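# Chains, contacts and geometry: an overview
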Amino acid sequence: MSVTVDGSAGGGQILRSALSLAAVHGEEVTVEDVRGDRPNPGLAHQHLACVEAAAAVCDAEVEGAELGSETVTLRPGDVSGGPVEVAVGTAGAVSLVFETVLPLGVAADAPIELTVTGGTDVAWSPTVAYYRDVRLPLAERVGWSASLDVARRGFYPEGGGAATLTVAPSATERVAFTERGRFRGARVDAVASADLADADVDGRLVDGAVDELETAGVDVASTTARTVRAPSTGASALVTLAYDETTAGFSALGEPGTPAEQVGARAATAAVAFHEQARTSPDAGGPRDPPVVDAHAADQLVLPLALAGGRVHPAAITAHVRTNCAVARAFGHDVHVVDGVLVAE
């Protein structure tokens, strides 16, 4: 069987999900008009790294694996374990390459060890801290077992970071993110490049986040601030909210000219909004149960929903969620949105 996916209506996530599902199902896929609605369509460095990683892990034949290519075909073989190394070549996010390979554990017969060099803390992508502390714990709750080791941080524009994702063979369990459970507190983590140590940027990131959380009455369970050697100057903060049944995360990146306290407060403001948010039904017009996963985690849970069924109550139904559902349906999975809830039977 061959599946054709229209890649024109969104960014790289359509490509990543198509590659993942093709490898898991052992079905050929062609993604046409890759990133067709972007100013520079086709494969950029980050997307090419995703293709290379998926192809290496599932011993695939690939057509169109080159920069700028607007059509990519993957003919997967068996998903095998062992070490794989991929270089993004820019500050493109290593976490998005990991996201392509993480689902392949359900088809693997041995652990996959994927090492990627590139950006670890860059715009428009999950930071490695978010991936380790939010994405992987959520994956664990649906039966996917993986761990992340960060060897070196890499900020824009040089990148140069390095991290390894180890994915164990696993099976997908029915997805049920419908209740938060008891709140266990917030955690604040900040990291800054070593050249910012004299300005105490890492500590000020934490201070800004903690002040915002405490002002809103959100209990802070722990904080961590540290500096790291990195090829480029940079900093990032992550606020994690832990509940009995779920985890949510909110990050912010340092910006030239923006005080570190404001950057930390930005991550905390998003966390407070989630913590206090009640879902509103477009039909009923009234408050309902609070969201269980943050908006970014929602699109990451579409694939396990497709494979095992279930329900997810997200903070928002984003364009990424809708396009990811469309990719899943192209592979025969009935994943859809009902009254603001992600559902698959």
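Every chain begins its residue count from 1, and numbering advances along the sequence as written. Residues qualify for local features only when their pLDDT is at least 70, as the model is predicted, and side-chain atom pairs are given and counted only at 80 or more; totals for whole chains, interfaces and linings, by contrast, use all residues. To get the side-chain values, take all heavy atoms of the structure and skip hydrogens and water.

A separate point is the pairing of strand 10 (residues 183-193). The element strand 10 is extensively covered by neighbouring structure, given that eight of its eleven residues are classed as buried. Strand direction decides the pairing type here: strand 10 and strand 12 (residues 235-243), joined by nine bridges, are antiparallel. In the strand pairing of strand 12, Ala-192 is matched with Ala-235. DSSP bridges decide pairing: two strands pair if at least two such bridges lie between them. For the purposes of this entry, the term helix denotes a DSSP run of H or I that reaches at least four residues, the term strand denotes a run of E that reaches at least two, and both are numbered from the N terminus. Pairing of strand 10 with strand 11 (residues 220-228) involves eight bridges; the strand directions are parallel. Counted as the bridge partner of Ala-192 is Thr-227 from strand 11. With helix 5 (residues 201-215) bridging strand 10 and its parallel neighbour strand 11, the resulting β-α-β unit is right-handed. Only protein chains enter the area calculation, which uses a 1.4 Å probe; residues under 20% of their type maximum are buried, those over 50% are exposed, and those in between are partly exposed. Throughout, right-handed denotes a crossover for which the path from the first strand over the helix to the second runs clockwise when the strands point away from the viewer.

Moving on to helix 5. Between its terminal C-alpha atoms helix 5 stretches 21 Å, which fits the 21 Å expected from 15 residues at 1.5 Å a residue. Contacts: residue pairs with any heavy atoms within 4.5 Å of one another. Buried residues along helix 5 sit against strand 10, strand 11, strand 12 and helix 6 (260-276). Looking at the residues trailing helix 5, positive phi occurs at Gly-217, about 80°. The span you would expect from a helix comes to 1.5 Å times its residue count less one.

It is worth spelling out the sheet that holds strand 16 (residues 341-344) at this point. Pairing is mixed across the open sheet formed by four strands, whose spatial order is 9-14-16-15. In this open sheet, the two strands that pair with only one neighbour each are strand 9 (175-177) and strand 15 (335-338). Strand-to-strand twist in this sheet, taken as the mean axis angle between neighbours without regard to direction, amounts to 25°. Examined bridge by bridge, strand 15 and strand 16 share four bridges and lie antiparallel to one another. Pairing of Val-335 across the sheet is with Ala-344, part of strand 16. Its contacts with the sheet put helix 9 (residues 319-330) on strand 15 and strand 16, and the angle it makes with strand 15 is roughly 140°. In this description, a line fitted to the C-alpha atoms serves as the axis of each element, helices being fitted only across the stretch in contact, and the angle between N-to-C directions of two axes falls anywhere from 0 to 180 degrees.

Once that is clear, we can look at the confidence of the model for the protein chain. For the protein chain, mean pLDDT is 95; residues scoring 70 or higher make up 97% of the total. Predicted confidence for residues 280-287 stays below pLDDT 50, and this span has ten contacts to residues more than four positions away or in other chains. A residue's pLDDT is the confidence the predictor assigns to it, expressed on a 0 to 100 scale.

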